[in-house]
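Analysis of the macromolecular model
One letter stands for each residue in the lines below.
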Amino acid sequence: MELLHLKQLDIQNKKVFIRCDFNVPMDEFGNITDDRRIRSAIATINYCLDQDCAVILASHLGRPKGEVVEKYSLKPVARRLHQLLKKEVVMANDVVGEDALGKTADMQSGEVVLLENLRFEAGETKNDPEFAKKLADLAEVYVNDAFGVSHRAHASVEGITAYFDNDHKAAGFLLEKEINFFGKLVNNPVRPFAAIVGGSKVSGKLEALVNLLPKVDKILIGGGMAFTFLKQLGYDIGASLVEDELLEEAQRIMDKAAELGVKFYLPVDVIAADRFAEDAVSKIVTAQEIPNGWMGLDIGPATVRLYREALNDVQTILWNGPMGVYEMERFARGSSKIAHFVADSYATTVVGGGDTADLVQRVGVDEEMTFISTGGGASLELLEGKILPGVKPLIKEEA
Ligand code: AMP
């Protein structure tokens, strides 16, 4: 699968619409707390500016659900872009309204306009063709650099591509990097290849797990999803998170792993708590001895050692999903320890998923990972073997 490359388009002096993912976290005062997504888009923006383009930037932020909600305004993003690009960024007060049309009408090369939050318009998430056309009419060239939303068929990601032919649309550098990285990782990994899969539920990652099985050498399970497997093994898991309707599926996954010779690891001990709370009473117990009414909220120290041992000889590590309720300090230790091993290992280390990316950043080892995917849902769908709706229109047709 080859994407339409930005560098192969003739964009000199043209007006370019770049769909970015500026959906950045902010604190209660509207300050951006992590600008990685904005920084990641700079390469594509600068390339277009170097080609003397006029650049229209568009993104969503949060879920304003088709209405103008001031706290989801992209104004703080415009200010950060101004600092990072070291040039003026004109902020439009709407998306395809009078202000945006006025500000994007007579743009000179080198100018940058940022549209307001795409999701202030209901047509965005509905993939409304009329809205998509209005967006398309703003520019001559379309570039998608928003990996994080490319699994959504939204107007600025999917609908808009219908209005540009293959000489006028392309994947941005970030999108291309993410797609190629995951493609190479999953289809051609340096072995041994281990996947660490955690998070709350099996259901959210079922297809990814099934798709990964034939490709990996080891799977290490953590987080809430471990308990569905442990219950299926006949353990008493107390009040831990469980998906009873997936017990059989859990068995099938374990059988398939055995059949394929994939080493399937489950926690051997957990931190059990009497309630789901930071100030709960907690203790270390073996996976076989979770007290009645207690819940496992993190992997225990023996599991941490076991997983370190299992990761010792691997050459590629893919990590998606925390090992416990890492948002609570009491139950963050397992995830934090695993983050350190992964960071210290000589393997190629790839972190996918919003929570896991957040986690490695909190632990302070984000710089030591080979690759952190900016998109959570999108990276999971890639692992499931799907072609993302925002990527499909940007695939080069075979000659
Ligand atoms: P996901 O969105 O499926 O990747 O899951 C991430 C969430 O799983 C995080 O918010 C964690 O707090 C939660 N989580 C991890 N381990 C557990 C657990 N043992 N019990 C309940 N929730 C968990």
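Bear in mind that the values here come from a model prediction, so they are computed numbers and not experimental data. (Residues numbered from 1 in each chain as written. Predicted model: local features only at pLDDT ≥ 70, side-chain atom pairs only at ≥ 80, totals over all residues. Heavy atoms only, no water.)

Remarks on the sheet that holds strand 5 (residues 141–144)
Test applied: Two strands qualify as a pair provided DSSP detects at least 2 bridges between them. In this text, helices come from DSSP runs of H or I with a minimum length of four residues, and strands from runs of E with a minimum of two, each type numbered from the N-terminal end.
The parallel open sheet is built from six strands, whose spatial order is 3-4-2-1-5-6. With one partner strand each, in any of the chains shown, strand 3 (90–91) and strand 6 (169–171) form the two edges of the open sheet.

Some words on the pattern of salt bridges
What counts here: Take a side-chain nitrogen of Lys or Arg and a carboxyl oxygen of Asp or Glu: if they are within 4 Å of each other, that pair is a salt bridge.
Taken as a whole, this structure holds 18 salt bridges when the rule is applied. Among the ionic pairs, Asp 35 bridges to Arg 80, the shortest N-O distance being 2.8 Å. In this pair, Asp 35 sits in the loop between strand 1 (15–19) and helix 1 (36–50) while Arg 80 sits in helix 2 (residues 75–85), placing the two residues 45 residues apart along the sequence. A salt bridge links Lys 231 to Asp 244, with the shortest nitrogen-to-oxygen separation between them at 2.8 Å. Highlighted residues: Lys 231 in helix 8 (residues 226–232) and Asp 244 in the loop between helix 8 and helix 9 (247–260), separated in sequence by 13 residues. Through salt bridges with shared partners, a single ionic network connects Asp 35, Arg 39 and Arg 80.

Brief notes about the domain arrangement of the protein chain
Worth spelling out the cut-off: Domain delimitation follows an automatic or database domain assignment. What makes two residues a contact is simply this: any of their non-hydrogen atoms within 4.5 Å. What counts as buried area is the accessible surface, traced by a 1.4 Å probe, that two parts surrender upon association, with contributions from both included. Between N or O atoms, a polar contact is any pair within 3.5 Å; within protein, one atom must be a potential hydrogen donor and the other a potential acceptor, and residues adjacent in sequence are included only when both atoms are from side chains. Classes in brief: Ala, Val, Leu, Ile, Met, Phe, Trp, Tyr, Cys and Pro nonpolar; Asp, Glu, Lys and Arg charged; the others, Gly included, polar.
Looking at the assigned domains, one finds that the protein chain contains domain 1 (6–177) and domain 2 (189–383). Taken residue by residue, the interface counts nine residues in domain 1 and 13 residues in domain 2. The largest per-residue losses of area from domain 1 upon contact with domain 2 belong to Arg 36, Phe 147 and His 151, which jointly make up 62% of the total buried on that side. At the boundary of domain 1 with domain 2, the tally comes to zero salt bridges. Where domain 1 packs against domain 2, one counts zero residue pairs in polar contact (both at pLDDT 80 or more). For the side of domain 1 that touches domain 2, the elements supplying multiple residues, two or more each, are helix 1 and helix 6 (173–187). In terms of residue count, the dominant contributor to the side of domain 1 that touches domain 2 is helix 1 (three residues). Residues belonging to the side of domain 1 that touches domain 2 are distributed by class as follows: two nonpolar, three polar and four charged.

Details of the side chain of Asn 320
Checked against the element boundaries, Asn 320 lands in strand 13 (residues 316–320). Within the structure, Asn 320 has its side chain in polar contact with the backbone oxygen of Gly 352 (distance 3.3 Å). Beyond its immediate chain neighbours, meaning those up to four positions away, Asn 320 contacts Ile 196, Val 197, Gly 198, Lys 205, Gly 352, Gly 353, Thr 356, Ser 379 and Leu 380.

Section: the pairing of strand 5
Within a regular strand, side chains alternate between the sheet's two faces. Which entries qualify depends on this criterion: Any residue under 20% of the maximum accessible area for its type is buried, any over 50% is exposed, and the rest in between are partly exposed; the area is computed with a 1.4 Å probe on protein chains only.
Here strand 5 shows no split at all, with Val 141 and Val 143 on one side and Tyr 142 and Asn 144 on the other all buried. Pairing analysis gives four bridges linking strand 1 to strand 5, with the strands arranged parallel. Among the inter-strand pairings, Val 16 is bridged to a residue of strand 5, identified as Val 141. When strand 5 meets strand 6, the two strands line up parallel, connected through three bridges. Looking at the pairing, Asn 144 lines up with Ala 171 of strand 6.

Let's talk about the site of the ligand
Note the threshold: The cutoff for a nearby residue is simple: one of its non-hydrogen atoms must lie within 4 Å of the molecule or strand. Surface accessibility follows the Shrake-Rupley procedure with a 1.4 Å probe radius. Residue values consider only the protein chains on display as shielding.
Around the ligand there are 14 residues in total, and Ser 200, Lys 205, Gly 296, Glu 327 and Asp 355 lie nearest to it. Ser 200 has a polar backbone atom sitting 2.9 Å from an oxygen atom of the ligand. Gly 296 is positioned such that a nitrogen or oxygen atom in its backbone is 2.9 Å from a nitrogen atom of the ligand. Relative to its unbound accessible surface of 500 Å², the ligand loses 79% to contact with the protein. The residue inventory of the shell around the ligand, partitioned by class, reads five nonpolar, six polar and three charged.

Topic: the nonpolar core
Short version of the rule: What is meant by a nonpolar core is a set of buried Ala, Val, Leu, Ile, Met, Phe, Trp, Tyr and Cys residues, joined one to another through side-chain atoms within 4.5 Å.
In this structure, Ile 221 and Phe 229 are the most contacted members of the largest nonpolar core, which totals 50 residues. Listing elements by their share of this core, those giving two or more residues are helix 6, strand 7 (193–197), helix 7 (206–212), strand 8 (218–221), helix 8, helix 9, strand 10 (269–273) and helix 13 (376–383). The element contributing the most residues to this core is helix 6, with five residues. Here this core gathers at least three residues from each of two domains, domain 1 (6–177) and domain 2 (189–383). Sequence-distant contacts of Phe 229, defined by excluding residues within four places in its chain, comprise Val 202, Leu 209, Ile 221, Ala 250, Ile 253, Met 254, Phe 264 and Leu 266.

Focus on the sheet that holds strand 10
To keep things clear, this is the line we draw: In this analysis an axis means a line fitted to C-alpha atoms, helices contributing only their contacting stretch, and an angle means the value between N-to-C directions, from 0 to 180 degrees.
Taken in spatial order, the three strands line up as 11-10-12 in an open sheet, and their pairing is antiparallel. Here the strands that pair on one side only, and so sit at the sheet edges, are strand 11 (282–286) and strand 12 (295–299). On average, each strand axis in the sheet is inclined to that of its neighbour by 40 degrees, with strand direction left out of account. When strand 10 meets strand 12, the two strands line up antiparallel, connected through four bridges. Looking at the pairing, Ala 272 lines up with Gly 296 of strand 12.

A look at the layout of surface pockets
Rolling a probe over the atoms, with the probe sized like a water molecule, indicates the empty space that remains. In plain terms, the rule: Points on a 1 Å grid over protein atoms alone make up a cavity when a 1.4 Å probe fits among them but cannot get out, and a pocket when they form an open set with protein on both sides within 12 Å along at least five of seven lines; lining residues each have an atom within 4 Å of a point. Grid points are joined across faces, edges and corners, and a volume is the space filled by probe spheres set on the points.
Looking at the second largest pocket, its volume works out to about 360 Å³. The wall of the second largest pocket is formed by 16 residues, among which Arg 36, Arg 39, Ser 40, Lys 177 and Ile 372 lie closest to the centre. Only helix 1, helix 6 and strand 15 (371–372) provide two or more residues apiece to the lining of the second largest pocket. With four residues, helix 6 is the largest single contributor of residues to the lining of the second largest pocket.

Quick notes on the environment of Asp 358
Residue placement: Asp 358 occurs in helix 12 (residues 354–363). Taking the C-alpha atoms as reference points, Asp 358 and Met 369, separated by 11 residues in sequence, lie 13 Å from one another. Only 3.0 Å separates the side chain of Asp 358 from the side chain of Tyr 326, close enough to count as a polar contact.

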